[in-house]
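# Summary of structural features
Here are the chains, one letter per residue:
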Amino acid sequence: MVVDGVGRRILVVEDEPVINQAVTDRLRGSGYDVVQAWDGPGAVEQFAASAPDLVLLDVMLPGFDGHEVCRRIQAERPVPVLMLTARDDEADILAGLGLGADDYLTKPFRMRELVARVAALLRRVERAAELAAELAVRPAAEVGTLRIDSAARRVWAAGAEVHLTPTEFDLLLCLAAKPGDVLTRENLYAEVWGWPGASGTRTVDSHVKALRAKIGADRVRTVHGVGYALEPGSTT
Ligand code: CA
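Here goes a summary of the coordinates provided. Here the structure is a predicted model, which is why all the values come from computation and not from measurement.

Quick notes on the rules
- Residues numbered from 1 in each chain as written.
- Predicted model: local features only at pLDDT ≥ 70, side-chain atom pairs only at ≥ 80, totals over all residues.
- Heavy atoms only, no water.
- Donors = N, O, S within 2.8 Å, 3.2 Å for Na, K, Ca; no water.
- Helix = DSSP H or I, 4+ residues; strand = E, 2+ residues; numbered from the N terminus.
- Pairing = 2+ DSSP bridges.

## A closer look at the coordination of the calcium ion
Distances from the calcium ion to its protein donors, Asp 15 (OD), Asp 58 (OD) and Met 60 (O), fall within 2.1 to 2.3 Å. Along the chain, the residues donating to the calcium ion fall in the pattern D-x42-D-x1-M. One end of the pair, Asp 15, is in the loop between strand S1 (9-13) and helix H1 (17-29); the other, Met 60, is in the loop between strand S3 (54-58) and helix H3 (66-76), and 45 residues separate them in sequence.

The structure is reproduced here in structure tokens:
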């Protein structure tokens, strides 16, 4: 088995001590450096103190919940977030994705699945430069009043920097590769999530909604029943 976690730090946030420890032990066994938190305020503190590369975040937590934790940490620094939800509750999942979670797992989950999802999310973030090259987005691309630094994963809208989550950034990068062209949801699932053939629409729609809230609603055009396009010359 490949030990691929070396050099990466993960923050595990889960109030159930047995689950927290089991997840922590399993990730340590895969080579990750793991730090732990058991409630909302503790998660935000530990995030600032330990600068993790990825956050595993339970939704129901004492203090304040995982959605609030996600909102606070993403405002501080964009980081990949994998949400753990107790129920297969679509509203709950969509709320999390809209607040900056990149992916989610429903409890009870298999440890093997968890480790695979963590590795996939880290790979996705780390292949951003590769994705930019694949998509032929210039290292410093300008689309209308948006400026995108694909190497540093930074974005400015009309001169002001906006903080995007890893998934929001990848979405923007895909759309920016062909400004004005419509990308179907299937295209976006394949490019951003690495899920060719995925057909669910809610995940991508939630992330587009979050992206719009940050870069300006009029910059991303919806083509009903098809997909999305980045407005090439938007100057507002
Ligand atoms: Ca919980």
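## Focus on the pairing of strand S8 (residues 154-157)
Note that strand S7 (residues 146-149) and S8 share four bridges and pair antiparallel. Bridging across to S8, Ile 148 finds its partner in Val 155. Counting the residues in the hairpin turn of S7 and S8 gives four residues, including Arg 153, whose phi is positive at 55 degrees. Bridge count between S8 and strand S9 (residues 160-162): three bridges; the pairing is antiparallel. Across the sheet, the residue bridging to Val 155 is Val 162, located in S9. Following S8, the chain reverses through two residues before pairing antiparallel with S9; Ala 158 in that reversal takes a positive phi of roughly 50 degrees.

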